[in-house]
Amino acid sequence: MLFNSLEFVVFFAILFILYRWVLNGKTKAQNFLLLAASYVFYGYVDWKILPLLILSTVLFYGLGMAISTAKTARRNSLYSTLGVVFGIAVLGYFKYTNFFIGSFQELFEHLGFQVHRYTFQIGVPVGISFYTFRLLSYVIDVHRGKYEPTRDFTVFATYVAFFPSILSGPIDRPNTLIPQLQKPHMFDYPLFVDGLRQILWGMFKKMVIADQCAVVVNAVFADPAQYSGSTLV
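Quick summary incoming for the structure in this document. Keep in mind it's a predicted model, so treat the numbers as computed, not measured.

Basis of the calculations
Residues numbered from 1 in each chain as written. Predicted model: local features only at pLDDT ≥ 70, side-chain atom pairs only at ≥ 80, totals over all residues. Heavy atoms only, no water. Salt bridge = Lys/Arg side-chain N within 4 Å of Asp/Glu carboxyl O. Helix = DSSP H or I, 4+ residues; strand = E, 2+ residues; numbered from the N terminus. Buried < 20%, exposed > 50% of the residue type's maximum accessible area, 1.4 Å probe, protein only. Contact = heavy atoms within 4.5 Å.

Quick notes on the pattern of salt bridges
Here is step 1 of the chain: Enumeration over the complete set of coordinates arrives at five salt bridges.
Here is step 2 of the chain: Here arginine 173 makes a salt bridge to aspartate 141, at a shortest N to O gap of 2.7 Å. One end of the pair, arginine 173, is in the loop between helix H6 (153–161) and helix H7 (174–182); the other, aspartate 141, is in helix H5 (residues 128–143), with 32 residues separating them in the sequence.
Here is step 3 of the chain: We classify arginine 173 as partly exposed; its relative accessible area is 40%.
Here is step 4 of the chain: The closest approach of N and O atoms between arginine 197 and aspartate 194, which form a salt bridge, is 3.5 Å. Of this pair, arginine 197 and aspartate 194 both sit in helix H8 (residues 189–222), three residues apart, which is roughly one turn of that helix.

Concerning the environment of serine 56
Here is step 1 of the chain: Along the chain, serine 56 falls in helix H3 (residues 50–69).
Here is step 2 of the chain: Judged by its relative accessible area of 3%, serine 56 falls in the buried class.
Here is step 3 of the chain: C-alpha separation for the pair serine 56 and glycine 83, spaced 27 residues apart in sequence, amounts to 9.6 Å.
Here is step 4 of the chain: Among all residues touching serine 56, those that are not within four sequence positions of it are Phe86, Tyr131 and Leu135.

Right under this line is the structure:
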């Protein structure tokens, strides 16, 4: 679901009406709605990638609680290390497995075996880097005592899966976004106008500037050998 698509406009309009008018002032219900909407938005790409996001969220929520209640520094470090290792392992598997598959394919073909690359190739879940680094930031901050872990799972899960940033960032620190989710959310007209202005300005930069530049840039990137050095620059 692209941000500049009709589907997103309808999705966002329905969410905004429910969030700001139907549930205005009901913080827990608003957060639950945001979480549900974030999962719908993320699962719209491919519902099969949702379980990994949910599993990672549950695991790191538990690790955050375990770190904060650890009775010894050794246990604290153990839980933190488990979180970092798991996060890096997941990223490494999905980001680099296809690279090694390509290398093994070339090796097998050199030995005389015919291997189809797509027989073993795996899909990379969209946004995995953004939400994994967000989770890593969370456990590291909790480990260092910079942030007290939230006990509200809905708030934590919303922080991880927040739909405006799960696909393309930024990687929010827990002490930036989570406190905003915990306090009451009342409709504020000046903030509404400012937010709408920023959305429209972003749409302009994306559709009028970036997409038009892409027509030229993508053609050069697709076959750089056919262009001069000045064109490449």
